[in-house]
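Structural overview for review
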Amino acid sequence: MTVLVVNSGSSSLKYAVVKPDTGEFLADGIVEQIGEGPIADHDAALRSAFDSLAADGLHLDTLGLVAVGHRVVHGGKTFYRPTPIDDALVTKLEELSPLAPLHNPPAVLGIEVARKLLPDLPHIAVFDTAFFHDLPAAAASYAIDRELAERWKIRRYGFHGTSHGYVSRQAAEFLGKPYESLNQIVLHLGNGASASAIAGGRPADTSMGLTPMEGLVMGTRSGDIDPGIISYLWRTAEMSVEEIESMLNRRSGVLGLGGENDFRKLRELIGSGDEAAQLAYDVYIHRLRKYVGAYLAVLGRTDVISFTAGVGENAVTVRRDALTGLTGLGIEIDEDLNASASREPRRISTEDSAITVLVVPTNEELAIAQACVEVVTP
Ligand code: ADP
């Protein structure tokens, strides 16, 4: 039994063929530069993915596929369970596009071409917002005009939910404790980055909001800013809404401050004495520490903090600098454990640390594949 997982973005399409029961990946890959050269559109991208699979001897009709799982960033208020896709759902997903203009339209394109090329399989939408559907109202609401917020569906939805859910469950399993017994902080630090507080298995807060722009400093996104900056730039610098949005999404964060968004290159720049790179790193760490402190207070008692995703799993210095000097708050990192590399979940705090700190590799494709199986097997 296998599931084809499709994560369709505007210029790239990621895919994986996953065995949901064992976690084995038969294949995974990415088709990039959609819209350029030979990959004219999403249809060509998916066909190219199938060609790559065939070149590896993997033929779709003999793989035992039971479903195609599609990552969809925004489910709005209505969609949070893994949902079988039909024409009506596609229409509803299109209606949600204003909430996620950069993410939902390419996901819908991916869904449409996959349904066309694999018409006999069930296609399932798995939403990045799902895990945070039950965020308490105090954490989900913005303190703005209530009627306006209701009319335009403005609330904090949260993203990377598949990863926060998967990693927090993995952390409980690693510790051998019931999921519902633990209060957790998960730090998903990839190119996009978000933090979550999870109380007894339920989301208590998360750093991303209406869109994936709020919260932590990210590779190219600003995270939290004073909303006054937007009207100031619009009015005074005469930038359009599109220009401001593009600046905040693509030319901000660590890239905007330090000229590089890959943490390996950022470290090299810092090593060569680059002051802008150093400032970018310092702002990134400062924001991360602020969120950790905030979530310790939101939870009251915290049992475990987990780092995950590209930066969280690999950047030893980020983990150290995010949590150093917090012994008074019950957090003590073991430098040697922190420096060790592995693909497995592992502890990086000392035996004496009241709060256990883990590195837990995320696996969103596996989580999506497992969610699909729950829907398609009776
Ligand atoms: P995405 O959000 O695109 O899924 P990932 O979770 O794969 O991103 O994270 C990608 C980022 O992880 C890279 O931009 C880079 O900053 C960081 N990263 C990856 N490998 C390493 C490494 N060995 N050391 C430090 N940072 C790394």
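Scope of this entry: the structure provided in the associated data block. Remember, it's a predicted structure, so these values are computed and weren't measured experimentally.

**Brief notes about the sheet that holds strand β1 (residues 2-8)**
On the basis of which strands lie adjacent, the open sheet formed by 6 strands has the order β3-β2-β1-β4-β6-β5 and mixed pairing. Among the strands making up the open sheet, the edge pair consists of β3 (25-31) and β5 (83-84). Pairing analysis gives 5 bridges linking strand β4 (residues 65-72) to strand β6 (residues 123-127), with the strands arranged parallel. Pairing of Arg71 across the sheet is with Val126, part of β6.

**Let's talk about the pairing of strand β2 (residues 13-18)**
With respect to burial, β2 is a largely interior element, 5 of its 6 residues being buried. Note: β1 against β2, 6 bridges, orientation antiparallel. From the neighbouring strand, Leu4 faces β2, where its bridge partner is Val17. Counting the residues in the hairpin turn of β1 and β2 gives 4 residues. Where β2 meets β3, 6 bridges bridge the pair, whose relative direction is antiparallel. Across the sheet, residue Ala16 finds its bridge partner in β3, namely Asp28.

**Comments concerning the packing of helix α2 (residues 87-95) against helix α3 (residues 104-117)**
Between α2 and α3, the shortest axis-to-axis distance is 10 Å and the interhelical angle comes to 160°. Overall, the two elements α2 and α3 adopt an arrangement that is roughly antiparallel. Of the two elements, α2 crosses α3, and the hand of that crossing is left-handed. Along its contact with α2, which presents Asp87, Val90, Leu93 and Glu94, the element α3 presents Asn104, Val108, Ile111, Glu112 and Arg115. Within the contact of α2 with α3, the residues separate by chemical class into 4 nonpolar, 1 polar and 4 charged.

**Focus on the packing of aromatic side chains**
Where two aromatic rings form a pair, the distance of their centres and the angle of their planes describe that pair. Tallied over the entire structure, the rule returns 4 aromatic pairs. Here the aromatic rings of Phe131 and Phe132 are separated by 5.2 Å at their centres, their planes lie at 80°, and the arrangement is edge-to-face. Exposure class is identical for Phe131 and Phe132. Each is buried. An angle of 85° between the planes, with centres 5.8 Å apart, marks the rings of Tyr291 and Tyr295 as edge-to-face. With Tyr291 and Tyr295 both in helix α11 (residues 275-299) and 4 residues apart, this pair spans about one turn of that helix. Overall, Tyr291 belongs to the buried group, its relative accessible area being 13%. Take Tyr295: its relative accessible area is 2%, and that puts it in the buried class. Across from the ring centre of Tyr157, 5.1 Å away, lies the NZ or CZ of Arg155, which sits over that ring.

**As for the site of the ligand**
Around the ligand, the neighbouring residues are Gly190, Asn191, Gly192, Asn261, Asp262, Phe263, Arg264, Ala309, Gly310, Val311, Asn314 and Ala315. Asn191 has a polar backbone atom sitting 3.0 Å from an oxygen atom of the ligand. In the environment of the ligand, an oxygen atom lies 3.4 Å from a nitrogen or oxygen atom belonging to the backbone of Val311. Relative to its unbound accessible area of 580 Å², the ligand is 68% covered by the protein chains. Sorting elements by how many residues they give to the shell around the ligand places helix α12 (residues 309-314) first, with 4 residues. Looking at the shell around the ligand residue by residue, the classes come out as 4 nonpolar, 6 polar and 2 charged.

Basis of the calculations
Residues numbered from 1 in each chain as written. Predicted model: local features only at pLDDT ≥ 70, side-chain atom pairs only at ≥ 80, totals over all residues. Heavy atoms only, no water. Pairing = 2+ DSSP bridges. Helix = DSSP H or I, 4+ residues; strand = E, 2+ residues; numbered from the N terminus. Buried < 20%, exposed > 50% of the residue type's maximum accessible area, 1.4 Å probe, protein only. Axes fitted to C-alpha atoms, helices over the stretch in contact; angles between N-to-C directions. Parallel < 35°, antiparallel > 145°, perpendicular 65-115°, else oblique. Left-handed = near helix turned anticlockwise from the far one by under 90°. Contact = heavy atoms within 4.5 Å. Nonpolar A, V, L, I, M, F, W, Y, C, P; charged D, E, K, R; others polar. Phe/Tyr/Trp six-rings, centres within 6.5 Å; stacked < 30°, edge-to-face > 60°. Lys NZ or Arg CZ within 6 Å of the ring centre and 35° of its normal. Near = heavy atom within 4 Å. Polar contact = N/O pair within 3.5 Å; in protein donor to acceptor, adjacent residues only side chain to side chain. Areas by Shrake-Rupley, 256 points an atom, 1.4 Å probe, with all protein chains shown as cover.

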